[in-house]
Every structure is written in structure tokens, then in C-alpha cells.
4 protein chains.
Amino acid sequence: MDGVNPTDKSSTIPLQHQMEIRVRYKETDAQGHVHHSNYLNYFEVARTEMLRTSGKSYRDLEAEGVMLVVVKATCHYKRGAKYDDLLTLDTRLVKAKGTRITHRYEIRNEQGIVCIGETVVAAVDRDGRVKRLPKWLRVEVSET
Amino acid sequence: MDGVNPTDKSSTIPLQHQMEIRVRYKETDAQGHVHHSNYLNYFEVARTEMLRTSGKSYRDLEAEGVMLVVVKATCHYKRGAKYDDLLTLDTRLVKAKGTRITHRYEIRNEQGIVCIGETVVAAVDRDGRVKRLPKWLRVEVSET
Amino acid sequence: MDGVNPTDKSSTIPLQHQMEIRVRYKETDAQGHVHHSNYLNYFEVARTEMLRTSGKSYRDLEAEGVMLVVVKATCHYKRGAKYDDLLTLDTRLVKAKGTRITHRYEIRNEQGIVCIGETVVAAVDRDGRVKRLPKWLRVEVSET
Amino acid sequence: MDGVNPTDKSSTIPLQHQMEIRVRYKETDAQGHVHHSNYLNYFEVARTEMLRTSGKSYRDLEAEGVMLVVVKATCHYKRGAKYDDLLTLDTRLVKAKGTRITHRYEIRNEQGIVCIGETVVAAVDRDGRVKRLPKWLRVEVSET
């Protein structure tokens, strides 16, 4: 987080974030569990709320002409979450340099780990051209 | 496209349309049936494919600055469709005058009628202001 | 709410409910607004949370063999909600007698009313046969 | 279906499959492209249709007590697909032994490659216990 002005509220990028999501009926499928594609949405909601705690929302970011597009997503499914489960989402910022941000996620329900995932998003301008992350979004994290 | 040329293929608005849709796993829910909200998507797919048979796609329409937004939707659910059901969608153009188009839909699976619905879409410009339907989209239909 | 035992926590059916829902990216479409089908999901989330305040969740209800299936849904769309809007959902129980429950909904964002809707759900058993609502779910409401 | 009869149509597991999917409005998001989570659904539709060409549908398989659950999914996004794009999905069976099946996918639109993905599904019984794949589903493929 180079050159950060400590009085600039928008520059405090959190490295960890936790939130809860209640599983909706629409998100389940006929096997009785959350359809596997929905976890990518949960990851996105977690990224969004994590960014919001920095003082700037993703909507603000888009208004400034910085779009973040997903360039890679991976998910390992361990256990099926069910309708009305209150899921705990733990999100960790792994890397944010150059044009890309990497997050890792762990989702748990009462029985244990539901899934573990990772996404890479890239910054692009309104015309879809890759651009460097704004300085306040860049973070040096010692990777694990 | 005012002053329709009767030989212009794009001006032939079909009044009826039939198509099939295969139910996807993602569209089912934990009760084992298609989640009720998905029928609105099926209706939209049917409207789109019905318009395409007129020689102009909805994408073309948007490119010309005519957006269609849904202003009302109703659905009566009769029977739960299941994963992998091959649904038959019958769509009927009920009215298309002024700024609005009304469609009615009937969806069936092998067991019988799944649902019956109606939507009203309105034409708006790129700024969301209501505008008259292009002439070739207007149809006089004797209402039932 | 006939024959209610005032000490029975589960019998206090609320007639009104308010909650907030944050619009997710996945729920928007290329026109830049929430896709119209998603409001049916929001209505369902509101019904679920309204029921939860009665002391019994819909999941509990299903565990007791009472499934609620949507038999009719209507929505009037007034204004497009956008990504990250914090929507206010007001839900009102209109009728709950015999086998059916009717709810009315109003969703607002900062600009005003987004949509107004109504759903009718019917109670069925695990085999899909219509059954009377459990006594504690029935409510006499003077209809508006 | 052990002891496969080579004349039994249902035992011919295809190693490659190609199909087309038309992008629905609901699948796009406010950035104007298909929301990244939807590609996992497209992959699932492709697996389903690929299996159907073997003479047995996934629905048949579930009826026999073999459920396939996704245990891992990865997707690399190259290009945003748009509303009404006619996507070409190429699916390849990479491995099907023991309890798991691995597929690789490539999705293209008119402009080129949209995304490349891989999924691993595992066979489970109705109680969610991992079980060996039925013999006719197992395939020896020289991995690439």
C-alpha cells in the first residue's frame, strides 16, 4: 500500500473480511443443495462488501471509470449448503498489483466448510482495455 | 422503419409462435421443480425468438435505439416442471399499439399445462423515456 | 387467527414486514437494471423473513410436511433498480385462509417505487396434494 | 450396467461434444456481458447434452440412484459474450475412472474464445456417499 495518505479514508484496503449470507430458495437446485454456480455470486458479494469497508464502493469505482472483470475463478466444493443456511464467508486479499487482484474465499455452514475458492479480477476501462489498478487499490501482501 | 414496404421481410410480425425449452438443472429448486421466477425468463426467450422470426432480432432493435422494458408480468402456475423436461412454449401477440406490446404464454410439459402468463412491455429510448412503437411493430389484433 | 394460544410463540403471524435487500451484480442485466424476474425472488425472500419473525421458519414448516408453492404471481414495474441499490421491501399479508396465502409487496429504492407485486401461495403436502393451512398460519384480514 | 454389451447403445460414452447456446437477456449483467457465474451453467448443460448422446440421460442416471455432484470447477475468462450471442461449446471428456469424471470446455462466440473451463464431478448415492462410477461411464482417456 505504497504512498498511502493515512488521512485518506478511501485508501484503507482491508486484507480480510467476514460476512454472512442467508441461502435463498432460488439458489438451491433439485438435488436439495445450493447450485454450484451460485458460489461465484457469493464470492462477488463478498468482494463488494469487503471493498465497501474501504470507504469506497465498487459502484463508486465504476463511476470513476474503473471496471473490474473476472479473469479466473476456481471453486472446490466440500459440502452441500441447504436452503436457509446462514453461511459465513471469509475473504482474504491475496494480491493486488499491476492490473489484477486475487482473492481467496472460504464458505462455511454449521456443519463445516462448504467450499473454498479463488478469483482473479482485472481492472479495465470503459472500453474494456486493461489498465493499472488505481494506486489506493494496490496492496503488497506476502503470499501464502 | 415507417412506411412499411409490404415486400420488406422485417415488417411481418408473427402473431403466434411455438418453441421448446429444455429445463436446466440450475433452474430447478429444492422442491424438485423449476423455480417459479424462471418462467419469466422463458417468456422473455419466447418473445425474443418470436421477434426473430419477423426478420429482425431484439438485438437489432436495441441497436436502433428501441429498448423494450417489462412493465407488467403475471403468471398462473398449474403444475411443477422438472429438470430435463422438454417444455413447449406457445406465445401469442395480443396487442401492439401506442407504446406497449402484450403477449400471452402457455407452457406445457408431457403431463399438461405448467403455467399461463401475460406480459406487457413498453418501448423506451436509450434514456428510458417512453416512445411509440416503431410502425412495423404495431399490430391490430382482435383481443380475446 | 382463531383459537390461538397466546403462549404459543409460533402462532403470532405478523401482518406487515419491512426489510432491505442490496442488489447484487448478478441480478442486473445488460440494460443496466435489475432483471425483472429477480423481483419474484425478492418477494420470496421477504415472505421467508416475514414468516421467520413469527418464530417458525419456512424450513421448519417444510420439515413438518407443509410445503408452500406459488400458484400466482403478478408484478407491476415502475422504475429500474440498479446495481448496489439498497432496496426497501414492504410486505403485507392480505389473506391466509383455507389453503392459500396472499401477500402484497412494494419495493422502493432512493428514487421511489420500483415495483408493486402480489403472490398467492398454496399449502401442499410432500406428495404435492393441496392441504389446509395449519391453524396458526391462518389469519382473518379485512381486505383492502 | 456392469458387463457392458458392446452392442448396447447406452455404453458408448462420447469423448467429444459440440453444441450451441443462445445467450439469454437474464444471463447478462450491467457491464453488458454474460455474468461470469453463468458459464458454469453452460458447462453443465453441455455435460448433460453430451451424456444424452450416449443413450442415457442424466435424469435416467439419477433415477438409478447415481447422482453426480460438482467437486471442482475452474474457468478462465478471455472475452465477454453478449446478449443474443450464439455460443459454441466444445466439451471433452478428459478422465472418467474411480468415482470422478473430468471435463474440459471451450466456449467461443463470433469474435473468438470466450472462456476455457474444467470441472470434476463425483458420483454419490442418494445419501450423498461417494460411490464408484457405473462401469459404462468409466473411460480410459490418454490425458493431455
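Being a predicted model, the structure only gives us computed values, none of them experimental. (Residues numbered from 1 in each chain as written. Chains lettered and ligands numbered in written order. Predicted model: local features only at pLDDT ≥ 70, side-chain atom pairs only at ≥ 80, totals over all residues. Heavy atoms only, no water.)

1. What to know about the pairing of strand β5 (residues 112–124) of chain B
Residue and element names in this part refer to chain B. Stated precisely, the cut-off is as follows: Relative accessibility thresholds used throughout: buried, under 20% of the residue-type maximum; exposed, over 50%; partly exposed, between the two (1.4 Å probe, protein chains only). Each helix is a run of H or I in the DSSP string that is no shorter than four residues. Each strand is a run of E no shorter than two, and both are numbered from the N terminus. By the convention used here, strands pair only if DSSP detects at least 2 bridges between them.
Within β5, ten of the 13 residues are buried, which leaves the element mostly enclosed by the surrounding structure. Pairing geometry for strand β2 (residues 67–77) and β5, over ten bridges, is antiparallel. Looking at the pairing, V70 lines up with V121 of β5. When strand β4 (residues 100–109) meets β5, the two strands line up antiparallel, connected through ten bridges. Within β5, the residue paired with R104 across the bridge is E118.

2. As for the interface of chain A and chain B
Rule in force here: The contact criterion used is simple: two residues touch if any of their non-hydrogen atoms lie within 4.5 Å. Accessible-area loss on putting two parts together, using a 1.4 Å probe and summing over both, is the definition of buried area adopted here. We define a salt bridge as a side-chain nitrogen of Lys or Arg found within 4 Å of a carboxyl oxygen belonging to Asp or Glu. Two N or O atoms count as a polar contact when they lie within 3.5 Å, although within protein this holds only if one can serve as hydrogen donor and the other as acceptor, and sequence-adjacent residues are included solely when both atoms are side-chain atoms.
Between chain A and chain B, the residue contacts involve ten residues of the former and ten residues of the latter. Taking both sides of the interface into account, the surface hidden between chain A and chain B amounts to around 930 Å²; carbon and sulfur atoms contribute 58%. Interface area lost by chain A to chain B is led by A:Y25, A:K26 and A:A30, which between them contribute 58%. The interface formed by chain A and chain B holds zero salt bridges in total. Where chain A packs against chain B, one counts four residue pairs in polar contact (both at pLDDT 80 or more).

3. Some words on the interface of chain D and chain A
Basically, it comes down to this: Each residue gets one of three labels, nonpolar for Ala, Val, Leu, Ile, Met, Phe, Trp, Tyr, Cys and Pro, charged for Asp, Glu, Lys and Arg, and polar for the others, Gly among them.
Each side of the interface is counted separately: chain D has 22 residues, and chain A has 22 residues. Ranking the residues of chain D by area buried against chain A places D:Q31, D:H36 and D:Y77 at the top, with a combined share of 31%. Taken together, the links from chain D to chain A amount to zero salt bridges. Taken together, the links from chain D to chain A amount to 14 residue pairs in polar contact (both at pLDDT 80 or more). Mapped onto the side of chain D that touches chain A, the elements with two or more residues apiece are α1 (38–52), α2 (58–63) and β2 (67–77) of chain D. Of the residues contributing to the side of chain D that touches chain A, the split by class is ten nonpolar, seven polar and five charged. Relative to β2(D), strand β2 (residues 67–77) of chain A runs antiparallel, the two sharing five bridges.

4. A few points about the relation of the copies chain A and chain B
The following threshold applies: The copies were overlaid with a least-squares fit restricted to C-alpha atoms from residues scoring a pLDDT of at least 70 in each copy.
Overlaying chain A with chain B gives an RMSD of 0.0 Å, the required rotation being 180° about an axis along which the chain moves by 0.0 Å. The symmetry that links the two subunits is that of a two-fold axis. No C-alpha of chain A approaches the rotation axis more nearly than that of A:D29, which lies at 1.9 Å. Mapped onto chain B, 100% of the interface residues of chain A are again interface residues, and the two copies thus contact each other with one and the same surface.

5. Some details on the packing of aromatic side chains
Any pair of aromatic rings gets described here by the distance separating the centres and the angle formed by the planes. Formally: Each pair of aromatic rings taken from Phe, Tyr and Trp, with Trp reduced to its six-membered ring, is defined by centres within 6.5 Å and is described as stacked if the planes are under 30 degrees apart, edge-to-face if over 60, and tilted in the remaining cases.
One pass over the full model with this rule turns up 24 aromatic pairs over all chains. With 6.0 Å between their ring centres and 70° between their planes, A:Y58 and C:Y83 make a pair best called edge-to-face. With A:Y58 in helix α2 (residues 58–63) and C:Y83 in the loop between β2 (67–77) and β3 (86–97), this pair bridges two chains. Residue A:Y58 is classed as buried on the basis of its relative accessible area of 8%. Three or more aromatic residues joined by ring pairs form one cluster here, namely A:Y25, A:Y83 and C:Y58.

6. Quick look at unusual backbone geometry
In the Ramachandran plot, B:D84 falls in the positive-phi region, its phi being about 75° despite a non-glycine side chain. By secondary structure assignment, the location of B:D84 is in the loop between β2 and β3 (86–97).

7. Focus on the environment of D:V70
Relative to the assigned elements, D:V70 resides in strand β2. As for D:V70 and D:A81, which are separated by eleven residues in sequence, their C-alpha atoms are 24 Å apart. Contact partners of D:V70, with chain neighbours within four places excluded, come to A:H36, A:Y77, D:R47, D:V120 and D:V121.

8. Comments concerning the sheet that holds β2(D)
Stated formally: The convention used is that axes are lines fitted to C-alpha atoms, helices contributing only their stretch in contact, and that angles between N-to-C directions extend from 0 to 180 degrees.
Pairing within the open sheet is antiparallel, and its ten strands lie in the order β1(A)-β3(A)-β4(A)-β5(A)-β2(A)-β2(D)-β5(D)-β4(D)-β3(D)-β1(D). Edge positions in the sheet fall to β1 (16–22) of chain A together with β1 (16–22) of chain D, since each of these pairs with one other strand and no more. Averaged over all neighbouring strand pairs, the angle between strand axes comes to 25°, with direction disregarded. As paired elements, strand β3 (residues 86–97) of chain D and strand β4 (residues 100–109) of chain D share nine bridges and run antiparallel to each other. For D:L89, the partnering residue across the bridge sits in β4(D) and is D:I107. Most of the contacts of α1(D) go to β1(D), to which it runs at about 130°, and overall it touches β2 of chain A together with β1, β2, β3, β4 and β5 (112–124) of chain D.

9. Some remarks on the relation of the copies chain D and chain A
If you rotate chain D by 180° and push it 0.0 Å along the axis, it lands on chain A with an RMSD of 0.0 Å. When the interface residues of chain D are mapped onto chain A, 100% of them again lie at the interface, so the same face is used by both copies.

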